[in-house]
Amino acid sequence: MNKSQFRSPLYPYLLLLPQLSIIVIFFYWPAAEAIRSSFYLEDPFGFSSTFVGLDNFSDMVSRSDYVRTAEFTVIFSVLVTFFSLATALLLAVTADRVLKGASTYKTLLMWVYAIAPPVAGLIGIMLFDNLVGPIAEFFRSFGWDFKLGVNRFDTAFAMITISIWKQIPVNFIFFLSGLQGIPKSVQEAAAIDCASSTRRFWTITFPLLAPTGFFLLIINITYSLFDTFGVIDVVLKGEPGNNPVTLVYKVFLDGFRGNDLGGSSAQSVILMILVLILTIFQFRLIERRVHYS
């Protein structure tokens, strides 16, 4: 096999230096600082710090509001991941079968991909607004007095719905590319062997989409845990009150609103450990069931 040859042995490292610098400055350094701060009681103004050991972690776990937030984060992540993947897969299968107006259909579905999470949250507020929101008005016609920002369940429903809507186009693009990458000969052979389209999908098409689905599973879990921050922040309008929040948003509230730097650092460390465990679980157990050839 051909190998790249460099005149200087330091040249490859110079090419990697910009990317490595970004990783060190914006990931490893903040992560190390968060781990250090989690063992200290920090002054909000940065004048002093007192070593408290594991007190921040024990106080965090014993607090009922943190446990409640963790439970909601699990529910939020599961619902956003499942429904965004399932809806995108359904739309991708439908788009793959469209013969007329296919390009227009695909373009309309992918437009949302260009919208930033805070903008998606703002659009969601306009739709779910208690006074002028068309979706809230639609719910009231069925007897559901929808109150965004007041009722905990209603606020959670809006947050989950907006987050799912924002993520569907990304999953749609990848699922559609995966479907179009399946050889026509395989589809024709499956059509001859099995007349049921539903059975062909689950026995032939879906297993061939397993690599794409595994990749999207990781992307969507990461999105639901971290990238929905902008949606939640806009929906809550900076006043969470008794409304549901995720673990990432609680780190922001306790650190920047409550000035509890040590406690928020402990929360971020726990969150990093949970994400690491989840990633190992995905690659060790789920990926074994995925076949790439």
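Everything discussed here concerns the structure shown above.
These figures come from a predicted structure and were not determined experimentally.

On to the overall build of the chain, then. The helix and strand inventory of the chain stands at 13 helices and two strands. Counting over 293 residues, the chain shows a buried share of 35%. The contacts of the chain with a sequence gap of at least 6 include a subset with a gap of at least 24, amounting to 66%.

Residues Phe76, Phe128, Phe146, Met159 and Phe175 are the most contacted members of the largest nonpolar core, which totals 38 residues. Looking at this core, the elements that each hand over two or more residues are α3 (64-97), α5 (117-128), α6 (134-140), α7 (152-180), α10 (210-227), α11 (229-236) and α12 (247-257). The residues touching phenylalanine 175, leaving out its near neighbours within four places in the chain, are Leu85, Ala88, Leu89, Ala92, Leu209, Thr212, Gly213 and Leu216. One finds Phe57, Leu247, Ala266 and Leu271 within the second-largest nonpolar core, a separate group that totals eight residues.

Moving on: the packing of aromatic side chains. All told, the structure shown has 24 aromatic pairs when counted by the stated rule. Geometrically, the ring pair formed by phenylalanine 139 and tryptophan 144 is stacked, given 4.5 Å between the ring centres and 25° between the ring planes. Its relative accessible area of 27% is what places tryptophan 144 among the partly exposed residues. Considering the side-chain rings of phenylalanine 146 and phenylalanine 157, the 6.5 Å spacing of their centres and the 70° angle between planes classify their relative orientation as edge-to-face. Here phenylalanine 146, found in the loop between α6 and α7, pairs with phenylalanine 157, found in helix α7; they are 11 residues apart in sequence, far enough to count as distant. Classification of phenylalanine 146 as buried rests on a relative accessible area of 0%. Taking the relative accessible area as the measure of exposure, phenylalanine 157 reaches 30% and is therefore partly exposed. Taken together through their ring pairs, the aromatic side chains of Phe128, Phe138, Phe139, Phe142, Trp144, Phe146, Phe153 and Phe157 make up a single cluster. Sitting above the plane of the tyrosine 40 ring, arginine 36 keeps its charged end 5.3 Å from the centroid.

Our focus in this paragraph is the side chain of lysine 166. With respect to the secondary-structure elements, lysine 166 resides in helix α7. At 8.2 Å, aspartate 227 is the nearest oppositely charged side chain to lysine 166, a buried residue that forms no salt bridge. Dropping the residues within four chain positions of it, lysine 166 is found in contact with Val112, Tyr113, Ile115, Ala116, Pro117, Ala120 and Tyr223.

Assignment of secondary structure puts threonine 205 in helix α9 (residues 197-208). Among the residues examined, threonine 205 registers a relative accessible area of 18% and is labelled buried.

To continue, consider the packing of α3 against α7. Where α3 contacts α7, the two axes come as close as 6 Å, and the packing angle between them is 40°. In terms of orientation, α3 and α7 fall into the oblique class. Judged by the sense of rotation from one axis to the other, the crossing of α3 with α7 is right-handed. Looking at the contact of α3 with α7, its residues break down into 21 nonpolar, six polar and three charged.

Moving on: the environment of methionine 126. Mapping methionine 126 onto the fold places it in helix α5. Judged by relative accessible area, methionine 126 falls into the exposed class, the value being 53%. Along the backbone, methionine 126 and valine 235 are 109 residues apart, and their C-alpha atoms lie at a distance of 10.0 Å. Every residue in contact with methionine 126, bar those within four places of it in the chain, is listed here: Val132, Gly133 and Pro134.

What follows covers the environment of threonine 73. On the secondary structure map, threonine 73 appears in helix α3. Sequence spacing of threonine 73 and serine 224 is 151 residues, and the spatial spacing of their C-alpha atoms is 8.6 Å. Setting aside anything within four residues of it in sequence, one finds threonine 73 in contact with Leu225, Val245, Thr246 and Leu247.

Before going further, it helps to examine a nonpolar patch on the surface. A surface patch of nonpolar side chains, amounting to about 1100 Å² of accessible area, comprises Leu16, Leu20, Ile22, Ile23, Val24, Ile25, Phe26, Phe27, Tyr28 and Trp29. Secondary-structure assignment places phenylalanine 27 in helix α1 (residues 11-37). The exposure class of phenylalanine 27 is partly exposed, given its relative accessible area of 47%.

What counts and how
Residues numbered from 1 in each chain as written. Predicted model: local features only at pLDDT ≥ 70, side-chain atom pairs only at ≥ 80, totals over all residues. Heavy atoms only, no water. Helix = DSSP H or I, 4+ residues; strand = E, 2+ residues; numbered from the N terminus. Buried < 20%, exposed > 50% of the residue type's maximum accessible area, 1.4 Å probe, protein only. Contact = heavy atoms within 4.5 Å. Core = buried A, V, L, I, M, F, W, Y, C linked by side-chain atoms within 4.5 Å. Phe/Tyr/Trp six-rings, centres within 6.5 Å; stacked < 30°, edge-to-face > 60°. Lys NZ or Arg CZ within 6 Å of the ring centre and 35° of its normal. Lys, Arg positive; Asp, Glu negative; His and termini not counted. Salt bridge = Lys/Arg side-chain N within 4 Å of Asp/Glu carboxyl O. Axes fitted to C-alpha atoms, helices over the stretch in contact; angles between N-to-C directions. Parallel < 35°, antiparallel > 145°, perpendicular 65-115°, else oblique. Left-handed = near helix turned anticlockwise from the far one by under 90°. Nonpolar A, V, L, I, M, F, W, Y, C, P; charged D, E, K, R; others polar. Patch = residues over 30% accessible without salt bridge, like charges linked within 9 Å, V, L, I, M, F, W, Y side chains within 5 Å. Areas by Shrake-Rupley, 256 points an atom, 1.4 Å probe, with all protein chains shown as cover.

So far we have only geometry, and geometry alone does not tell us how the molecule works.
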